[in-house]
Amino acid sequence: MTTPTLWDYREVVGPDIIEELTILASHVGSRSIKMINSTSVGGGVAEMLRRIVPLLNEMGIHTEWEVIRAEDEFFGITKAFHNALQGNQAHFQKDAFEIYLAWNEKNASEMDFDADLVVIHDPQPAALIHWNQYRKNRWIWRCHIDLSSPNQQLWEFLRPYIEKYDAAIFSSALFSPELNISQYRFYPAIDPLDDKNRELDVSFVESVFEKYGIPTDKPLVTQISRYDPWKDPVGVVQAFKMARKYVDCRLLLVGDKAADDPESDKILAEVRAEAGNSAEIHILLFSPSIATEINAFQRASDIIMQKSLREGFALTVSEALWKSRPVIGGAAGGIPTQIIDGYTGLLVHSVEGASLAIRSLLNQPDFAKRLGESGHQRVKDEFLITKNLKRYLLLLLALDRPQEQAIFLT
Amino acid sequence: MWGICMGDVFQFLSSASLEKLTGRKANNLEELLGLIRSCPESSIFYHTFSAFMKMRDVQLPYDSDFAIWADLRLNEKALAERLMAIDLREYNTIKSLRARLIEIIESHRKQVPESCEKIASEPFYLYDIMRVVYLTDRFAYDLRSFRDILKNISIYSIYFHFIESRLHTELHANDFSTWIEGSLNMADLAHRIRDIDISVYTIEGLRSRIIQLIDEYLKGGNH
């Protein structure tokens, strides 16, 4: 598929939204941004940059994306940093910090940082700023992970680097630490035109269900998530079994097998044991999944579940809401930001609650439809890539006038 | 009124905002009161005017983040209802809106002293906002051209002129009604638009309702 242009987004978000973006871009004028992260493939950040960089360029904001280069020893350390910053227990030796800084210094000497705005994504390249302290441009640290309770040893090491930035961006107030620099909120966003979210032909959707041998004779309840204890797939099966005493339906569990996650086999075995030999429960394991097929599963479902016990932002919720599906979500992490209970979906706190929610939605199709429609609107308002384009334009304006709370552009 | 730039021409404006995290939060009613008393006006704007627009789009029955928090996180239903009853259209300064919020919470605290002992199930996170107001290239010269533009202009522009701009003009009327009455001399239509109860419409619904009123007016031979 060719990279979509702004024009392509008019169809899905409305021409008025694109028109406003172009007006704002005209006020921003000829500016430049440099995005820096640690990988060009895989992961949500690279996917987001792959889409947003061409769109910013199309709006006249000259935007480059560069990836830091390093050996495996660096990425092994930053993987441990990533987990520890999200709360994992760990203790780091002095040489881990030295290796981290050495690779940042090497990259700082090889890259140019001439853009008006330099956006550093996540902790891996965060120390680049140390070798650019006498800059004339603006530097922003965009943190995509949950920093609400970081490993203290690591945070005390990283914080002085972060506080050298002009500002930081977090995905939610829930995820941000105390810092002495300005903090902005950019929600994570989905792309309505990528394979996971674009409109599909009905015939393709039907072919996917045929391919995997899933009958479409009964209402379908689906959870698409890794087989991870925090996603509670066992709880989903239990809730489904309780609900099925009252409503006839099928359950579909879809998950990717993570190469670096030995626990997933254990959880999958537990899920299968809980499901028993029920002909109404379908368990699929992919390695990896195909985006258009995930899209098809979501579109054909009567209910999407994301019954997480602990979460990051869980954009799978926005993916389902964008397709106007009613969603039942665990009240964890970023899920309550997307699901306003009773209005854009249902929030649950237990297996029993999830079971009641399934019964409620399958027995009240009008209510379920209304939740899906309001959910679609909420995603359109807050969680689409076009909204993040707008946020970047506003950020460029805000950084020019850091003391102003209202800007009047004439 | 915002929007007139020459003679009787109405130029549509629009607004956008960037959310800022403040690191400040409230775990109980007393702390919320402290935040409301001490936060910048832009924070009050964010949690009332900005929040209201988002709530309209998903048809939430609340009109501010304060009301949602009081209801869902503090389980103080009576307080939530009184906060929900605030009609933002009656406030053309943040100062007066802030005073009203404080008055409601203080009054509730007196009536239900135990409400101050409660710890919320989740904190109230105080946000701030950086607002940008900007000109669009859409001009209306008469009622028909106004209607045609209204059909396609962004919801942000409609919201700005109908609700937000009164903070700039310090008037108690929306820009559309002010222009239609003042420049087009159509007082009856202006009043009908002014009397629309925004609390039952999404912004798209508001757009449709205004267009419907204009169509009825034009159909009645009033042009």
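Structure shown above.
Since the model is a prediction, treat every value here as computed from it, not as a measurement.

Visitor: Account for the side chain of B:His161, naming residues and giving values.
Guide: All names here are of chain B. Positionally, His161 belongs in helix H7 (residues 155-164). Taking the relative accessible area as the measure of exposure, His161 reaches 0% and is therefore buried. At a separation of 2.8 Å, a polar atom in the side chain of His161 contacts the main-chain amide nitrogen of Leu13.

Visitor: Tell me about the pairing of strand S7 (residues 220-224) of chain A, residues and numbers included.
Guide: Residues and elements named next belong to chain A. A large share of S7 lies buried, amounting to five of its five residues. Where burial is concerned, the two faces of S7 agree: the one with Leu220, Thr222 and Ile224 and the one with Val221 and Gln223 are both buried. Bridge analysis of S7 against strand S8 (residues 250-256) gives five bridges, and the strand direction is parallel. If you follow Leu220 over to S8, its bridge partner there is Arg250. Relative to strand S10 (residues 303-306), S7 is paired through three bridges, and the arrangement is parallel. The partner of Gln223 across the bridge, within S10, is Met305.

Visitor: Could you give an account of the interface of chain B and chain A, naming the residues involved and the relevant values?
Guide: At the junction of the two partners, chain B supplies 38 residues and chain A supplies 38 residues. In total, about 3400 Å² of surface goes out of reach between chain B and chain A, with carbon and sulfur atoms giving 60% of it. As a salt-bridge pair, B:Lys54 and A:Glu382 come within 3.3 Å of each other at their nearest N and O atoms. The interface formed by chain B and chain A holds 15 residue pairs in polar contact (both at pLDDT 80 or more) in total. It is strand S3 (residues 124-140) of chain B that contributes the most residues to the side of chain B that touches chain A, 13 residues altogether.

Visitor: Explain helix H14 (residues 365-382) of chain A to me, and be specific about the residues and the numbers.
Guide: One turn of an α-helix holds 3.6 residues; hence residues three or four places apart share an orientation. Given a rise of 1.5 Å per residue, 18 residues ought to cover 26 Å, and the 26 Å separating the end C-alpha atoms of H14(A) matches this to within 8%. Of all the residues in H14(A), the buried ones are A:Phe367, A:Ala368, A:Leu371, A:Gly372, A:Ser374, A:Gly375, A:Arg378, A:Val379, A:Asp381 and A:Glu382. The inward-facing, buried residues of H14(A) contact helix H11 (315-322), helix H12 (335-338), strand S12 (346-348), helix H13 (351-363) and helix H15 (385-400) of chain A together with helix H2 (41-57) of chain B.

Visitor: Could you give an account of the pairing of S10(A), with specific residues and numbers?
Guide: All names here are of chain A. Side-chain alternation along S10 places Ile303 and Met305 on one buried face and Ile304 and Gln306 on a second face that is also buried. Judged from the three bridges that link them, S10 and strand S11 (residues 327-330) form a sheet pairing that is parallel. Paired with Gln306 across the two strands is Gly329, which belongs to S11. Since S10 and S11 lie parallel, the crossover through H11 that links them has a hand, and here it is right-handed.

Visitor: I'd like to hear about the pattern of salt bridges, residue by residue, with values.
Guide: Residues and elements named next belong to chain A. What the rule picks out here adds up to 46 salt bridges over all chains. Between Glu199 and Arg299 there is a salt bridge, with its nearest N and O atoms 3.8 Å apart. Of the two residues, Glu199 sits in the loop between strand S6 (182-185) and helix H7 (202-211) while Arg299 sits in helix H10 (residues 291-299), which places them 100 residues apart along the sequence. By relative accessible area, Glu199 is classed as exposed at 63%. In this structure, the salt-bridge partner of Arg391 is Glu382, at a minimum N-O distance of 3.0 Å. With respect to burial, Arg391 and Glu382 carry one shared label: buried. Within the structure, one salt-bridge network assembled from shared partners comprises Lys34, Glu64, Glu66, Arg69 and Asp112.

Cut-offs used in this document
Here the residue index of a chain counts from 1 through its sequence in written order. In the order they appear in the text, chains get letters beginning with A and ligands get numbers beginning with 1. Given that the model is predicted, a residue must reach a pLDDT of at least 70 before its local features are reported, and side-chain atom pairs must reach 80 or more before they are shown or counted; all residues, however, enter totals for whole chains, interfaces and linings. Values shown for side chains rest on all heavy atoms present in the structure; no hydrogens or waters enter the calculation. The numbering of helices and of strands both runs from the N terminus, where a helix is a DSSP run of H or I of at least 4 residues and a strand a run of E of at least 2. Burial here depends on accessible area, computed with a 1.4 Å probe over protein chains only, as a share of the maximum for the residue type. Under 20% is buried, over 50% is exposed, and the range in between is partly exposed. Polar contacts, as used here, are pairs of N or O atoms within 3.5 Å; protein pairs need one atom able to donate a hydrogen and one able to accept it. Residues neighboring in sequence count only if both atoms are side-chain atoms. In short, DSSP must find at least two bridges between two strands for them to pair. The contact definition used throughout considers only heavy atoms, calling two residues in contact when any of these lie within 4.5 Å. Here the buried area means the combined drop in accessible surface, using a 1.4 Å probe, for two parts upon being joined, counting both sides. Salt bridges are identified by distance alone: a Lys or Arg side-chain nitrogen within 4 Å of an Asp or Glu carboxyl oxygen. To estimate the expected span of a helix, subtract one from its residue number and multiply by 1.5 Å. For the handedness criterion, the strands are oriented away from the viewer, and a crossover whose path from the first strand over the helix to the second runs clockwise is classed as right-handed.

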